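# Architecture and fold: a report
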Amino acid sequence: MSALREAFCADLERAASTRDLQDLRDRYLGRKRGRLVALLKTLAGAPPERRRALGQAANALKQEIEGELTARREAAEKRRGPAGAVDATLPGRAPALGHRHPLSLVREEMESIFSAIGFEILEGPEAEDDYHNFEALNMPAAHPARDMQDTLYLDGSIPAPGGGRPATLLRTHTSGMQIRYMETHEPPIRIIAPGLVYRRDTPDLTHSPMFQQVEGLLVGETVTMGDLKGTLEHFLRALFDDDTRVEFRPSFFPYTEPSTEVFITCVFCHGDGCAVCKQTGWIEILGAGMVHPAVFEAVGYDAERFSGWAFGIGIDRVALLKYRVDDIRRFYGNDLHLLEQFPS
Ligand code: DAH
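Conventions we followed
Residues numbered from 1 in each chain as written. Predicted model: local features only at pLDDT ≥ 70, side-chain atom pairs only at ≥ 80, totals over all residues. Heavy atoms only, no water. Helix = DSSP H or I, 4+ residues; strand = E, 2+ residues; numbered from the N terminus. Rg over C-alpha atoms; globule rule 2.2 N^0.38 Å. Buried < 20%, exposed > 50% of the residue type's maximum accessible area, 1.4 Å probe, protein only. Contact = heavy atoms within 4.5 Å. Areas by Shrake-Rupley, 256 points an atom, 1.4 Å probe, with all protein chains shown as cover. Lys, Arg positive; Asp, Glu negative; His and termini not counted. Charge placed at Lys NZ, Arg CZ, Asp CG, Glu CD. Pairing = 2+ DSSP bridges. Near = heavy atom within 4 Å. Polar contact = N/O pair within 3.5 Å; in protein donor to acceptor, adjacent residues only side chain to side chain. Domains from an automatic or database assignment. Phe/Tyr/Trp six-rings, centres within 6.5 Å; stacked < 30°, edge-to-face > 60°. Lys NZ or Arg CZ within 6 Å of the ring centre and 35° of its normal. Axes fitted to C-alpha atoms, helices over the stretch in contact; angles between N-to-C directions. Parallel < 35°, antiparallel > 145°, perpendicular 65-115°, else oblique. Nonpolar A, V, L, I, M, F, W, Y, C, P; charged D, E, K, R; others polar.

Okay, the overall build of the protein next. A count of helical and extended segments in the protein gives 11 helices and 10 strands. A globule of 344 residues ought to have a C-alpha radius of gyration of about 20 Å, yet the protein, at 36 Å, is considerably larger. Counting only C-alpha atoms and orienting by the principal axes, one finds that the protein spans roughly 120 × 50 × 35 Å. Looking at the protein as a whole, 41% of its 344 residues qualify as buried. Across the protein, contacts joining residues at least 24 apart in sequence account for 64% of those joining residues at least 6 apart. As displayed, the protein has an accessible area near 19300 Å², and 51% of this comes from carbon and sulfur atoms. Positive and negative side-chain charges in the protein, numbering 40 and 50 respectively, have mean positions lying 19 Å apart.

Structure follows, in structure tokens:
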């Protein structure tokens, strides 16, 4: 009996919560499997002359246990205060923190690379007009890039042939920010403009009707293609890794001349050839070029005096490559399995 008492005292010592106290009550006083009940049962086999004394001792122990448990419970309740009050003695619970979105991480990385070399970061409207998205970028009315199949028009404002109300649309690229900035500023200019863009694409592994770009623009009096190449090489090595090789291939954009498509060595096979780079060892990463004189004209700059370069890069595409995500749609699906892998 005294062994039972000692066991109880030791257990009581360890009980930390009301839950523990309830467990103790079940373990010692429980009607079916309680240790005290088991003890009482063994008393039936004791010699009759001792049975009475043993029974009394067992009852006293039972009362003692009950008393201790009740006292402890009441003390805990007192500490907790009235129902619903905060128990200041409980250990704190760490608040659940959200995680950075991979697209935000890539965007911030791009921003910090460019702001370290003196570029200003700005944002502009996603609902854009035809003039800034197309016209001033040397894409006149019949230009194929304005095709309704690619562009999401707002308010049924699909442009009627022969003019009428100017069309409002969801910008199809961030390049309109070049126009918006030059309209209100004089060179020298060094800006990047990150933000969402929209296209009428059917979603698949590499297409989303909404995605993000960063536009870059630098304008001055003696700006050359060499500046463009040097800056983009620096940018892409900082963004991917130091041994990334960068290749400039001739291309066409209406708002740049010459234009280039920029490739980097495949981030998966480092140039050896794999399924992602279709065995070429290279991955196309951005479009760029020297600002077209027609663009300078549209914003009232003297194209003889000023020169500049521009580029546009897809944030989603970079995030897919950097984090080896296999489907662009995951970035927009609020998929916690993906998001929880990124830092808070
Ligand atoms: N606007 C192009 C696109 O959406 C990207 C681009 C290409 C931007 C060349 C530029 C440029 O500024 O010079 O694909």
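Bringing the pairing of strand β9 (residues 282-291) into the picture now. The buried fraction of β9 amounts to nine of the 10 residues, a majority that puts the element mostly inside the structure. The sheet contact formed by strand β8 (residues 256-265) and β9 spans eight bridges and is antiparallel. Considered in β9, the bridge of Val 262 is made with Leu 286. Where β9 lies against strand β10 (residues 307-314), five bridges are found, and the strand directions are antiparallel. Along β10, the bridge assignment pairs Gly 289 with Ala 310.

In the region of the ligand, 15 residues are neighbours, and His 173, Arg 199, Gln 213, Glu 215 and Tyr 255 sit closest. The side chain of Ser 175 places a nitrogen or oxygen atom 3.0 Å from a nitrogen atom of the ligand. Gln 178 has a polar side-chain atom sitting 3.1 Å from an oxygen atom of the ligand. When the ligand is considered free in solution it has 350 Å² of accessible area, and contact with the protein chains removes 88% of it.

Let's shift gears to the domain arrangement of the protein. If you check the domain split of the protein, you get domain 1 (2-80) and domain 2 (102-339). Measuring from the centre of the C-alpha atoms in domain 1 to the corresponding centre in domain 2 gives 76 Å.

This part is about the packing of aromatic side chains. Taken as a whole, this structure holds 11 aromatic pairs when the rule is applied. Seen in terms of ring centroids, Phe 114 and Phe 311 are 5.4 Å apart; in terms of plane orientation they differ by 20 degrees. Their pairing is stacked. With Phe 114 in helix α5 (residues 102-116) and Phe 311 in strand β10, the pair connects residues that are 197 residues apart, well separated along the chain. For Phe 311, a relative accessible area of 2% corresponds to the buried category. When the ring of Phe 296 is compared with that of Tyr 301, the centres are 5.7 Å apart and the planes differ by 25 degrees; the resulting orientation is stacked. In terms of burial, Phe 296 and Tyr 301 fall into one category: buried. When the ring centre of Phe 263 is taken as reference, the NZ or CZ atom of Arg 249 above it lies at 3.7 Å.

Two numbers describe how helix α2 (residues 18-29) lies on helix α3 (residues 35-43): the axes approach to 4 Å, and their chain directions differ by 10 degrees. Relative to α3, the element α2 lies roughly parallel. Contacts between α2 and α3 involve Arg 27, Tyr 28 and Leu 29 on the former and, on the latter, Arg 35, Leu 36 and Val 37. Along the lines of polarity and charge, the residues of the contact of α2 with α3 split into four nonpolar, no polar and two charged.

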